[in-house]
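Letter by letter, the chains look like this.
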Amino acid sequence: MDTEQRIMQLEQSFNELERSINTLDAILKQGSPDVTVLEMRASDLAYIFAEYSKNHEELKRLDPDHPNTAKFIDLDIKYYTVAAEVNKLNKNAAPNPLANSTALNSSFSFAEKTTVAKIAAIQVPNFDGSSKNWVSWKSRFKALIHERPGMAPSVKLSQLQSSVSGLAQKVISRYEATDENYPLAWTDLCNAYDQRRVIANDHLDALLNLSPHAKSTAETTAELMYTVRQHVSMLEAMEINIGEQLVARILERCLPAGILSRWVDRQSSNKLSEFSKLCEFVQDSVFKQREMDELPSRKNAAKRAANSNAAYPSKVTKTAARSLLTSSSSSIDSCLQCGQPHRLYACDAFKAAELKAKWKLVNTHKLCRNCLYVHPVPCTSKNRCKEKGCNKAHHTLLHPHKNSKDSTEVNSQSSKETDSPKSL
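About the criteria used
Residues numbered from 1 in each chain as written. Predicted model: local features only at pLDDT ≥ 70, side-chain atom pairs only at ≥ 80, totals over all residues. Heavy atoms only, no water. Salt bridge = Lys/Arg side-chain N within 4 Å of Asp/Glu carboxyl O. Helix = DSSP H or I, 4+ residues; strand = E, 2+ residues; numbered from the N terminus. Buried < 20%, exposed > 50% of the residue type's maximum accessible area, 1.4 Å probe, protein only. Axes fitted to C-alpha atoms, helices over the stretch in contact; angles between N-to-C directions. Left-handed = near helix turned anticlockwise from the far one by under 90°. Contact = heavy atoms within 4.5 Å. Core = buried A, V, L, I, M, F, W, Y, C linked by side-chain atoms within 4.5 Å. Phe/Tyr/Trp six-rings, centres within 6.5 Å; stacked < 30°, edge-to-face > 60°. Lys NZ or Arg CZ within 6 Å of the ring centre and 35° of its normal. Expected span 1.5 Å × (residues − 1). Arc of directions from axis to C-beta. pLDDT = per-residue confidence, 0-100.

Details of the pattern of salt bridges
Argument step 1. As enumerated under the stated definition, the model contains 7 salt bridges in all.
Argument step 2. D194 is paired through a salt bridge with K138; the nearest N and O atoms lie 2.9 Å apart. Of this pair, D194 sits in the loop between α8 (181-193) and α9 (196-208) while K138 sits in helix α5 (residues 134-146); the two residues are 56 residues apart in sequence, bridging distant segments of the chain.
Argument step 3. By relative accessible area, which is 41% here, D194 ends up partly exposed.

Considering the packing of α5 against helix α6 (residues 153-162)
Argument step 1. At a closest axis distance of 11 Å, the pairing of α5 and α6 adopts a crossing angle of 145°. Regarding α5 and α6, the two cross each other, and that crossing is right-handed. Facing α5, whose interface residues are W137, F141, I145 and H146, α6 presents K156, Q159 and L160.

Digging into the nonpolar core
Argument step 1. With 48 residues, the main nonpolar core has W134, W137, L160, L189, V228 and L251 as its most contacted residues.
Argument step 2. In terms of residue count, helix α10 (residues 218-237) provides more of this core than any other element does, 8 residues in total.
Argument step 3. In this structure, I21, A46, F49 and V82 belong to the second largest nonpolar core, which totals 20 residues.

What about the packing of aromatic side chains?
Argument step 1. Evaluation of the coordinates by the stated rule reveals 11 aromatic pairs.
Argument step 2. Between F49 and F72 the ring centres are 6.1 Å apart and the planes differ by 20°, which places this aromatic pair in the stacked class. Of this pair, F49 sits in helix α2 (residues 35-62) while F72 sits in helix α3 (residues 67-92), and the two are 23 residues apart along the sequence. Just as F49 is buried, F72 falls in that class too.
Argument step 3. Through pairs of rings, three or more aromatic residues link up here, namely F127, W134, W137, F141, W186 and Y193.
Argument step 4. The cationic tip of K358 hangs over the ring face of F350; the distance from NZ or CZ to the ring centre is 5.8 Å.

A short note on α9
Argument step 1. The end-to-end C-alpha separation of α9 is 18 Å, in line with the 18 Å expected for 13 residues at 1.5 Å each.
Argument step 2. Of the positions making up α9, those classed as buried are I199, A200, H203, A206 and L207. Buried positions in α9, seen along its axis, are confined to an arc of 125° and lie on one side of it. Of the residues in α9, the exposed ones pointing more than 90 degrees away from the buried face are R197 and L208.

Some words on the environment of V228
Argument step 1. Position of V228 relative to the elements: it lies in helix α10.
Argument step 2. Each C-alpha atom, one on V228 and one on V247, is 8.0 Å from the other, the two residues being 19 residues apart in sequence.
Argument step 3. Not counting residues up to four positions away in its chain, the partners in contact with V228 are L207, L210, V247, L251 and F275.

Let's talk about the confidence of the model for the protein
Argument step 1. Looking at the protein as a whole, its pLDDT mean stands at 75, while 76% of the residues score no less than 70.
Argument step 2. Within the protein, no element has a lower average pLDDT than helix α15 (residues 318-326), which sits at 45, and none a higher one than α8, at 90.
Argument step 3. A low-confidence stretch, residues 311-332 stays under pLDDT 50, and its non-local contacts, those more than four residues away or across chains, total 33 contacts.

Given below as structure tokens:
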């Protein structure tokens, strides 16, 4: 749906609201209206008004100069004027048998139904009965409902009961939605959860029990920082200050090694870390990490290139073959004999090993007998055994000597070689 079509829909909603308000206003001006009919029309109007109020901000964003933006101010005043008049007539009216029927079963007046309709669009938080969530939930509920002017206590109690669950719901479930019961229910709930020591200990324990993050990802690092911030905010709301340096140290101990190392490099050895500056640094690191995570993986690209070369060995160039050799399992990063960062042919331990042990290592790891690498294509090395008179396709370190006690078994291995050696 494009912008123009959406604006047309909002205009139709506005016109419907305006007609409904004018109709109810006309009925009120007739004198001695039927209270039951009036109540039904007013109830419908409350929901129409709440629905349009929710969408009016969208109209202001789509078209700030739309004439309905200014007209809604006057319409809003007229709506509440009509609502107040209906509420007055409803309270002064004699009891009507129909009012207790299933069709109109409600203990709320029209003004209260209007309030309920309007706050239906508000996302009232839910409290699950966990003490560590009590402080944040209480402050939000007080701002949205408890301290809201013009809302009947009975409506507040209804909202309170629908906004709690678990054990918290059981604390106030015995109260009916009446004006007199709301302060009682609110007091009971506060008495059950306003336990300063228990709540503080929950947040302190949560901070102390945070585990170090071994792997550095943008999501886990950001979650760690926001978790620490949340617990600190809850403690500050209770007027408990545990010290910025202590909180900074708790966060430092949980940071991935890479981020922590960069942070330490920036700090003076004579000054303690500040939590606020540490959070800024972590946030900046998270942004950079996300940017890096979105880049194409070089490892995957190299792997695809290697697989492509392996699929077409006849087209592999000397350069490509050499690249494959350096990416093999016998790379300079890990010698197969001793684990040190050097090539197998340069390993003193391999040189000193018995000939039988050398061949066993070559066969176990499926190394090329000629170059001592692993590669999926025929060996491109032109080097041959340098022992005098040999010149066979095996490495000099694998040459069987006549005086060696393993020469008989090894000679059977080397006798299988050709002038174009392949990896095992």
